[in-house]
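Below are the chains, spelled out letter by letter.
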Amino acid sequence: MSQNNHAILHVGLDVAKLSLQLHLAGRLHSLANDPKGHAQLLKLLRPHPGAQVVCEATGGYEQPVVRALQAADILVSVLEAGRVRYFARAQGQRAKTDPIDAAVLTHYGDTFKPAPTPGLSAPQQRLADVTQRRRQLIHSRTMETNRADHYTDPLCVRQTRQLQKALEKQIDQCDQLITALIAEDAGLAQKAARLQTIPGVGPVVAATVLAEMPELGKLNPPDCRGLGGRGTL
């Protein structure tokens, strides 16, 4: 969508697992973070052709709504969460509530005018899906491991061992696919190699960065450690 003839209207969107809080033209709207809620969001934004949505990266919960916005040609800026938190504290706001966050995101957009986040390429999108699935599996494994410490019944012990093995297998499958997806795309492979020159960054971390924070793929390796600078990766 061209915004050449429209003033930019920054719109704060706070994203949670199940909900969206929208701060649009001074008003707050509560929506579900599901296809129906995304459709309602697009309807609310339609009368505002200069709208540019500003949201935080929230571990993947933002991805479906960001895809819906980009598919509708609505500009959206996905921000690293720490930047918004620092900004909120600088404004004297310490409470963590969705309405405050949504308004802060609007204020952040008005203040810093962040660049729109480009849509993911097909390989990046698949990489994002697989890395998100891997993260979910890791979480499930951790929860099952914590529960297993309290089991004494032989059936429960046997089942938790079987489940842990199944989770390990699926995590390994994700790791293999992540490696294959990066190797198949020359651009991703080059960026992943550059990212892995940074101390502490391995294949999985590099894949997560490329999938969920593609803007970091434009940072020089020394700058990535502090998320500063703008070079070319």
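Residues numbered from 1 in each chain as written. Predicted model: local features only at pLDDT ≥ 70, side-chain atom pairs only at ≥ 80, totals over all residues. Heavy atoms only, no water.

(A) Looking closely at the confidence of the model for the protein chain. Averaged over all residues, the pLDDT of the protein chain equals 86, while 85% of them reach at least 70. At the level of individual helices and strands, the protein chain shows its lowest average pLDDT in helix α9 (residues 221–224), which scores 43, and its highest in helix α1 (residues 35–45), which scores 98. Overall, residues 217–233 carries pLDDT values under 50, and its contacts beyond four positions in sequence, including any with other chains, amount to 37 contacts. (pLDDT = per-residue confidence, 0-100. Helix = DSSP H or I, 4+ residues; strand = E, 2+ residues; numbered from the N terminus. Contact = heavy atoms within 4.5 Å.)

(B) Structural context of the nonpolar core. Membership of the largest hydrophobic core comes to 20 residues, with the highest contact counts inside it found for L127, I178, I182, L195 and L210. Of all the secondary-structure elements, those providing two or more residues to this core are α5 (122–148), α6 (154–184), α7 (186–195) and α8 (203–212). Discounting chain neighbours no more than four positions away, the residues touching I182 are L127, L188, A189, A192 and A207. In this structure, V53, L69, I74 and V78 belong to the second largest nonpolar core, which totals 18 residues. (Core = buried A, V, L, I, M, F, W, Y, C linked by side-chain atoms within 4.5 Å. Buried < 20%, exposed > 50% of the residue type's maximum accessible area, 1.4 Å probe, protein only.)

(C) Looking closely at the packing of α6 against α7. At their nearest, the axes of α6 and α7 sit 5 Å apart, and the two run at 110 degrees to each other. On the basis of the axis angle, α6 is roughly perpendicular to α7. Of α7, the residues touching α6 (which contributes L181, I182 and E184) are A186, L188, A189 and A192. Looking at the contact of α6 with α7 residue by residue, the classes come out as six nonpolar, no polar and one charged. (Axes fitted to C-alpha atoms, helices over the stretch in contact; angles between N-to-C directions. Parallel < 35°, antiparallel > 145°, perpendicular 65-115°, else oblique. Nonpolar A, V, L, I, M, F, W, Y, C, P; charged D, E, K, R; others polar.)

(D) Local environment of the sheet that holds strand β4 (residues 51–56). Taking strand neighbours across the sheet as the criterion, the five strands line up as β3-β2-β1-β4-β5 in an open arrangement whose pairing is mixed. Of all strands in the sheet, those with a lone pairing partner are β3 (27–32) and β5 (75–79), marking the two edges. The mean inter-strand angle of the sheet, taken between neighbouring strand axes irrespective of direction, is 25 degrees. As paired elements, strand β1 (residues 9–15) and strand β2 (residues 19–24) share four bridges and run antiparallel to each other. Residue pairing across strands places V15 opposite L20, the latter belonging to β2. On the sheet, α1 packs against β1, β2, β3 and β4 and is oriented at approximately 155 degrees with respect to β3. Relative to β5, helix α2 (residues 63–71) is tilted by about 155 degrees, and along the sheet it contacts β1, β2, β4 and β5. (Pairing = 2+ DSSP bridges.)

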